[in-house]
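Examination of the molecular architecture
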Amino acid sequence: MHRVRLGLVVLATAATLSACQRVDNTPGSPTVYVDPATSGPVKGVGIESQDIVSMTDQMMRDMLSQPRLANAATPPSIIIDSEYFHNESSSRLNKNSITDRLRVGLNRAAAGRMQFVGRHYADMVAKERDLKRQGTVDRATLPATQAQKGGDYRLGGRITSLDSRDPKTGMMQRYNQIVFEMVDLETAEIVWSGIYEFAKAAQDDIIYR
Amino acid sequence: MKRLFAPALGLLLLGGCSGIEPAPHCDMGRVSSQRDLVPGPAMVPDEKSPLKEMPLNSVNITDPAIINKLYVRSISARRTATGTVEVMAQVVNCTDFPLNAEARTQFTDASGAPAEIVSAWQRVHLSPRTIGNYRELSLGDKTVDGYLIEMRETK
């Protein structure tokens with residue numbers, strides 16, 4: 001009888017231990033947060049967060065592999081903003097979310113291989129420079145320069161799309177094409193180009209705000 | 001009756017073998033037998049992970065939905081002109097159906113620690129029985145020494 005009991009204890013312990021070693025393959029606690037790099041529960045045929053994350057990541061990595069941009073003897077001054085990045089697609093989106101992510105990601109990853117000019121802050125800088133030169137404020141700590149920094153290259157690009165709908169089923173399909181180009185600001189030469197394209201099809205289009 | 005049964009069974013078996021399977025031929029049994037999952041304790045600093053299932057410089061299909069559908073044909077890596085690392089993987093869709101997979105790469109330094117942020121998921125569209133290419137570039141140059149590619153099905 002004693003042996004049987006001992007055997008049962010050993011069996012129960014072994015079963016418990018083996019259960020501990022298995023993956024608890026159950027869903028985690030529900031949350032409202034979703035990974036911006038993966039499609040969430042609301043999916044449509046337009047440009048979504050995972051597309052923005054993916055396209056900017058791809059462009060950033062590609063630019064860093066181009067010797068003219070990332071291996072120059074003197075790091076080039078680059079302007080990346082949405083001024084010459086046009087949305088001609090049927091997707092409603094704030095194009096700054098693309099150019100901002102690209103600039104921030106590239107600036108952090110470049111680690112001195114490129115320099116970035118905040119042309120969208122030119123007005124802010126000009127005001128402060130005027131105040132310093134008028135003597136309204138002191139000269140602060142950085143040395144004065146003749147002028148604001150100019151750009152060697154600037155980002156241009158275009159977002160276009162092609163929509164098609166099946167009237168019988170209501171199925172909608174959209175081809176999205178996003179072109180990125182880096183332009184020499186002296187010669188207008190396009191020194192780097194990148195393209196990101198995808199097509200999505202869904203039963204009903206969702207509303208993008 | 002027994003006399004008839006044996007030849008009939010033989011013919012049936014031969015008939016099953018004679019069908020010509022179009023390329024690619026994916027031997028999933030062999031792929032599975034080469035996996036080396038070693039159970040062990042939690043990872044200890046400065047020690048190699050006991051989990052040999054995800055070795056560095058490889059493609060790891062982490063999604064059970066496609067593990068027996070895709071076959072990694074080749075992996076290669078090279079330095080670009082700026083010193084960044086370019087990894088390329090060729091993946092075969094062994095099925096008769098189109099597949100959408102996605103992959104991302106974690107570039108690591110010489111110690112095996114992450115050298116930079118993990119890349120974004122990049123889609124790989126695979127038509128039935130075709131080869132798809134996945135390509136990724138690192139952000140860093142000299143700091144990058146290895147890589148780990150994860151692949152899953154696009155949802």
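The structure under discussion appears in the preceding block.
Description of the structure in this document. (Residues numbered from 1 in each chain as written. Chains lettered and ligands numbered in written order. Predicted model: local features only at pLDDT ≥ 70, side-chain atom pairs only at ≥ 80, totals over all residues. Heavy atoms only, no water.)

Let's talk about the overall build of chain A
- The secondary structure content of chain A amounts to 5 helices and 6 strands.
- Going from N to C terminus, chain A has its helices and strands arranged as α-α-α-β-β-α-β-α-β-β-β.
- Long-range contacts, defined here as pairs at least 24 residues apart, represent 66% of the contacts in chain A between residues at least 6 apart.
- Carbon and sulfur atoms provide 54% of the accessible area of chain A, an area that totals close to 13,500 Å². (Helix = DSSP H or I, 4+ residues; strand = E, 2+ residues; numbered from the N terminus. Contact = heavy atoms within 4.5 Å. Areas by Shrake-Rupley, 256 points an atom, 1.4 Å probe, with all protein chains shown as cover.)

Describing the pairing of strand β7 (residues 146-153) of chain B
All names here are of chain B.
- With respect to burial, β7 is a largely interior element, 6 of its 8 residues being buried.
- As judged from the 8 bridges shared by strand β4 (residues 99-108) and β7, these two strands associate in the antiparallel manner. Looking at β7, one finds that alanine 103 is bridged to methionine 151. (Buried < 20%, exposed > 50% of the residue type's maximum accessible area, 1.4 Å probe, protein only. Pairing = 2+ DSSP bridges.)

Observations concerning the interface of chain A and chain B
- Listed per partner, the contact involves 21 residues of chain A and 22 residues of chain B.
- Considering only the surface of chain A that becomes buried against chain B, Arg61(A), Ser65(A) and Arg113(A) emerge as the three largest contributors, covering 37% of it.
- There are 4 salt bridges connecting chain A and chain B.
- Arg61(A) is the partner of Glu116(B) in a salt bridge, and the nearest nitrogen-oxygen pair spans 3.2 Å.
- Inspection of the region where chain A meets chain B yields 11 residue pairs in polar contact (both at pLDDT 80 or more).
- Those elements that place two or more of their residues in the side of chain A that touches chain B are α2 (49-63), α3 (67-70) and β6 (190-202) of chain A.
- Among the elements that make up the side of chain A that touches chain B, the one with the highest residue count is α2(A) (8 residues).
- Partitioned by chemical class, the residues of the side of chain A that touches chain B number 9 nonpolar, 7 polar and 5 charged. (Buried area = accessible area lost by both parts, 1.4 Å probe. Salt bridge = Lys/Arg side-chain N within 4 Å of Asp/Glu carboxyl O. Polar contact = N/O pair within 3.5 Å; in protein donor to acceptor, adjacent residues only side chain to side chain. Nonpolar A, V, L, I, M, F, W, Y, C, P; charged D, E, K, R; others polar.)

Observations concerning the sheet that holds strand β3 (residues 85-93) of chain B
Residue and element names in this part refer to chain B.
- If you trace the 3 strands from one edge of the open sheet to the other, you get β2-β3-β6, paired in antiparallel fashion. A strand with exactly one partner marks an edge of an open sheet, and here the two such strands are β2 (70-79) and β6 (131-137). Geometrically, the sheet is characterised by an average inter-axis angle of 15° between neighbouring strands, direction not taken into account.
- Across 9 bridges, β2 lies against β3 in antiparallel orientation. Residue pairing in the sheet places arginine 78 in a bridge with glutamate 86 of β3. (Axes fitted to C-alpha atoms, helices over the stretch in contact; angles between N-to-C directions.)

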